[in-house]
Amino acid sequence: MIGIFIRVNLGYSGWMKLSIIRHAQAVDCDGERCLTEKGTQQSTSLGHYLRRTEQLPELVLTSPVFRARQTAELLCQAAAISAPLVEPFLRCGMRPEAALSELKAYTTFNHIALVGHEPDLSCLLMRLIGEQKLPFKVKPASLCLLEGSSLHGGWKLLEQKYF
């Protein structure tokens, strides 16, 4: 699971924080991937971290895939925030352009969290930081902090934290 905090200017006059969270460690179970015990701990730890650092999103959007929904639900419980909203655009295979387009519907919020998958999150990060030469891989159970002001790139990576 990873979290990325990004200040996003989505084409309106305000700023928004965006937390991007990769689902926690998962394993095959009953034909679908679900969180391991470690994955459950990672999700809970990330929720506690967001609460402790006062980086609580107003809204959590999650992929409809089970392991992402589990991560989002545990994170929300640990952070003591509202339950996540399932968004189909976050399923496996998400394209950065589609994600950025869909986020325009949420510009009234100051802070949104997205829970999704690899390599989709890495592609979104590379799009935002403008890195085309060096592939960026979002590792499970990590937190990346970015800051920027334009959806056209130029973001600054401020911090990486692994859970």
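What you see is a predicted model; the values in this text were computed from it and never measured.

*Asks:* Before we go on, may I ask you to explain the overall build of the chain in this structure?
*Replies:* Check the secondary structure of the chain and you find four helices and nine strands. In the chain, 63% of the contacts between residues at least 6 apart in sequence involve partners at least 24 apart. Accessible area for the chain stands at about 7,900 Å²; split by element, carbon and sulfur atoms hold 49% of it.

*Asks:* Explanation requested: the pattern of salt bridges in the structure shown.
*Replies:* Opposite charge on two side chains lets them pair, provided their charged atoms get close. The tally for this structure, following the rule as stated, stands at three salt bridges. As a salt-bridge pair, Asp28 and Arg33 come within 4.0 Å of each other at their nearest N and O atoms. Ionic pairing is found between Arg95 and Glu97, a salt bridge with its closest N-O pair at 3.4 Å. The exposure class assigned to Arg95 is exposed, which follows from its relative accessible area of 53%. Among the charged side chains, a salt-bridge network with shared partners connects Arg95, Glu97 and Arg127.

*Asks:* Help me understand the pairing of strand β5 (residues 59-62) in this model?
*Replies:* In the case of a regular strand, side chains alternate between the two sheet surfaces. Residues Leu59 and Leu61 point to one face of β5 and Val60 and Thr62 to the other, with burial holding for every one of them. Summarising the sheet, β5 and strand β7 (residues 111-116) pair through four bridges and their orientation is parallel. Looking at the pairing, Leu59 lines up with Ile112 of β7. Relative to strand β6 (residues 85-86), β5 runs parallel, the two being bridged by two bridges. Paired with Thr62 across the two strands is Val86, which belongs to β6. With respect to chirality, the unit in which β5 leads through helix α2 (residues 66-79) into the neighbouring parallel β6 is right-handed.

*Asks:* Any chance you could explain the confidence of the model for the chain here in plain terms?
*Replies:* Close inspection of predicted coordinates is inappropriate for parts of the model with low pLDDT. Put simply, the chain has an average pLDDT of 82, and 78% of its residues get 70 or more. At the low end of the mean pLDDT range in the chain sits strand β1 (residues 2-8), at 51; at the high end sits β6, at 98.

*Asks:* Please clarify how the packing of aromatic side chains should be interpreted in this entry.
*Replies:* Aromatic rings considered in pairs are described by the distance between their centres and by the relative angle of their planes. Using the criterion set out here, one finds two aromatic pairs in the structure. With 6.3 Å between their ring centres and 45° between their planes, Tyr106 and Phe109 make a pair best called tilted.

*Asks:* So what exactly am I meant to see when it comes to helix α4 (residues 120-129) here?
*Replies:* Each α-helix winds once per 3.6 residues, and so residues spaced three or four apart point in a common direction. Most of α4 is tucked away, with seven of its 10 residues classed as buried. By the burial criterion, the buried members of α4 are Asp120, Leu121, Ser122, Leu124, Leu125, Met126 and Leu128. After α4 finishes, the residue Gly130 shows a positive phi value of roughly 75°.

*Asks:* Even after reading the chapter, I still don't get helix α3 (residues 96-103), so can you show me in this structure?
*Replies:* Taken together, the buried positions of α3 are Pro96, Ala99, Leu100 and Leu103. The buried residues of α3 occupy one face: seen down the axis, they fall within an arc of 95°. Of the surrounding elements, those touching the buried residues of α3 are β2 (16-22), β7 and α4.

*Asks:* What is the right way to look at the packing of helix α1 (residues 37-52) against α2 in this model?
*Replies:* Helices that pack against each other are described as a pair by the angle of their axes relative to one another and the distance between those axes. Remark: α1 packs on α2, axes separated minimally by 7 Å, with the N-to-C direction vectors making an angle of 40°. One finds that α1 runs oblique with respect to α2. Relative to α2, α1 is oriented so that their crossing is right-handed. Of α2, the residues touching α1 (which contributes Thr40, Ser43, Thr44, Leu46, Gly47, His48, Leu50 and Arg51) are Thr71, Leu74, Leu75, Ala78 and Ala79.

*Asks:* Explain the nonpolar core here, please?
*Replies:* With 22 residues, the main nonpolar core has Leu61, Phe89, Met94, Ile112 and Leu114 as its most contacted residues. Among the elements of the structure, β2, β5, α3, β7 and α4 are those that each provide at least two residues to this core. The element best represented in this core is α4, accounting for five residues. The contacts of Leu61, once residues within four sequence positions are left out, are Leu85, Glu87, Phe89, Leu90, Tyr106, Ile112, Ala113, Leu114 and Val115. Of all hydrophobic cores here, the second largest spans 10 residues; its members include Ile21, Leu46, Val60 and Cys76.

Thresholds, definitions, all that
- Per-chain numbering applies: the sequence of each chain, read as written, is numbered from 1 onward.
- Residue-level local features of this predicted model are given only where pLDDT is at least 70; pairs of side-chain atoms are given and counted only at 80 or more, and the full residue set underlies all totals for whole chains, interfaces and linings.
- With hydrogens and water excluded, all non-hydrogen atoms of the structure serve as input to the side-chain values.
- Working definition: helices are DSSP H or I runs of at least four residues, strands are E runs of at least two. Numbering for both runs from the N terminus.
- The contact criterion used is simple: two residues touch if any of their non-hydrogen atoms lie within 4.5 Å.
- Using the Shrake-Rupley algorithm and a 1.4 Å probe, accessible areas are obtained, with residue cover drawn only from the displayed protein chains.
- We define a salt bridge as a side-chain nitrogen of Lys or Arg found within 4 Å of a carboxyl oxygen belonging to Asp or Glu.
- Summary of the burial criterion: residues with accessible area below 20% of their type's maximum are buried, those above 50% are exposed, and those between are partly exposed, where the area comes from a 1.4 Å probe applied to protein chains only.
- For two strands to be treated as a pair, DSSP must find at least two bridges joining them.
- If you view a crossover with the strands going away from you and the path from the first strand over the helix to the second runs clockwise, you call it right-handed.
- Scored between 0 and 100, pLDDT is the confidence that the predictor attaches to each residue.
- Only centres within 6.5 Å qualify two rings of Phe, Tyr or Trp (six-membered ring in Trp) as a pair; their planes then separate them into stacked at under 30 degrees, edge-to-face at over 60, and tilted for everything else.
- By definition, the arc is the one covered by directions from the helix axis to the C-beta atoms.
- Only the stretch in contact is used when fitting a helix axis, every axis being a line fitted to C-alpha atoms; angles between N-to-C directions are given from 0 to 180 degrees.
- Angles below 35 degrees are treated as roughly parallel, those above 145 as roughly antiparallel, those between 65 and 115 as roughly perpendicular, and all remaining angles as oblique.
- Two helices crossing with the near one rotated counterclockwise from the far one by less than a right angle form a left-handed crossing, whereas a clockwise rotation gives a right-handed crossing.
- We call a set of buried Ala, Val, Leu, Ile, Met, Phe, Trp, Tyr and Cys residues a nonpolar core when their side-chain atoms join them within 4.5 Å.

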